[in-house]
Amino acid sequence: MPSEELDPGWGEIKSGMSERLREIRLELYGEHGGPMLALALDVPFRDWSRYENGATMPAQVLLRFLEATGASPGWLLNGEGPRYSTPQD
């Protein structure tokens, strides 16, 4: 049973999170920086593109993303609070 059937709001959460992933990537790596971020996360660029389009991101990739970008987990999940856990240059 897909997770959307278990929690009707899950699709909206995933959609918002994918938008925030893209925002962080654009801010830190630029419009064409997807391949650089994918390399930093040790994932194929094709996979990164899927995450930005709403595919489920594996936990280990999410943890690498948080570490590499300094993104705040709470902001990434629900868009609330500060965007970054650590100050950005």
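Above this note sits the structure.
Structure report, in brief.

Rules used in this analysis
Residues numbered from 1 in each chain as written. Predicted model: local features only at pLDDT ≥ 70, side-chain atom pairs only at ≥ 80, totals over all residues. Heavy atoms only, no water. Buried < 20%, exposed > 50% of the residue type's maximum accessible area, 1.4 Å probe, protein only. Helix = DSSP H or I, 4+ residues; strand = E, 2+ residues; numbered from the N terminus. Arc of directions from axis to C-beta. Contact = heavy atoms within 4.5 Å. 1 Å grid on protein atoms, 1.4 Å probe; cavity = no way out; pocket = protein on both sides within 12 Å on 5 of 7 lines; lining within 4 Å. Points joined across faces, edges and corners; volume = space filled by probe spheres on them. Nonpolar A, V, L, I, M, F, W, Y, C, P; charged D, E, K, R; others polar. Lys, Arg positive; Asp, Glu negative; His and termini not counted. Salt bridge = Lys/Arg side-chain N within 4 Å of Asp/Glu carboxyl O. Polar contact = N/O pair within 3.5 Å; in protein donor to acceptor, adjacent residues only side chain to side chain. Core = buried A, V, L, I, M, F, W, Y, C linked by side-chain atoms within 4.5 Å.

Bringing helix 4 (residues 45-52) into the picture now. For helix 4, the full list of buried residues reads Asp47, Trp48, Tyr51 and Glu52. All buried residues of helix 4 project into a common sector of 140° when viewed along the axis, lining one side. On the buried face of helix 4, the contacting elements are helix 2 (10-29), helix 3 (34-41) and helix 5 (59-69). Positive phi shows up at glycine 54, right after helix 4, with a value of about 105°.

This part takes up the layout of surface pockets. Approximately 180 Å³ is the volume attributed to the largest pocket. Lining of the largest pocket is provided by 13 residues; of these, Lys14, Met17, Ala55, Thr56 and Met57 occupy positions nearest its centre. A per-element tally of the lining of the largest pocket places helix 2 first, with six residues. Residues that form the lining of the largest pocket fall into these classes: nine nonpolar, three polar and one charged.

Further remarks concern the environment of glycine 54. Its place among the elements puts glycine 54 in the loop between helix 4 and helix 5. A residue is classified by how much of its surface remains accessible, and glycine 54, at 22% relative accessible area, is partly exposed. A sequence separation of 39 residues divides glycine 54 from serine 15, and the C-alpha atoms of the two residues are 5.6 Å apart. In contact with glycine 54, other than residues within four places in its own chain, are Lys14 and Ser18.

Attention now moves to the side chain of arginine 20. Residue position: arginine 20 is located in helix 2. Buried arginine 20, no salt bridge; nearest opposite-charge side chain is glutamate 19, N-O distance 5.9 Å. Within the structure, the side chain of arginine 20 is placed 2.8 Å from the backbone oxygen of leucine 77, a separation counted as a polar contact. If near-sequence neighbours (up to four positions away) are discounted, arginine 20 is found in contact with Ile13, Trp75, Leu76, Leu77, Asn78 and Gly79.

Using the criterion set out here, one finds six salt bridges in the structure. Across the pair glutamate 23 and arginine 83 runs a salt bridge whose closest N-O atoms are separated by 3.2 Å. On the criterion of sequence distance, the pair formed by glutamate 23 in helix 2 and arginine 83 in the segment after helix 6 (73-78) is long-range, its members being 60 residues apart. Three or more residues are tied together by salt bridges with common partners; here these are Arg22, Arg25, Glu31 and Glu52.

By size, the foremost hydrophobic cluster in this structure holds 17 residues, and its most contacted members are Leu21, Leu41, Trp48, Phe65 and Leu76. Sorting the residues of this core by element identifies helix 2, helix 3, helix 4, helix 5 and helix 6 as the ones contributing at least two each. Non-local contacts of leucine 76, meaning those with residues more than four positions away in its chain, are made with Met17, Arg20, Leu21, Leu62, Phe65 and Leu66.

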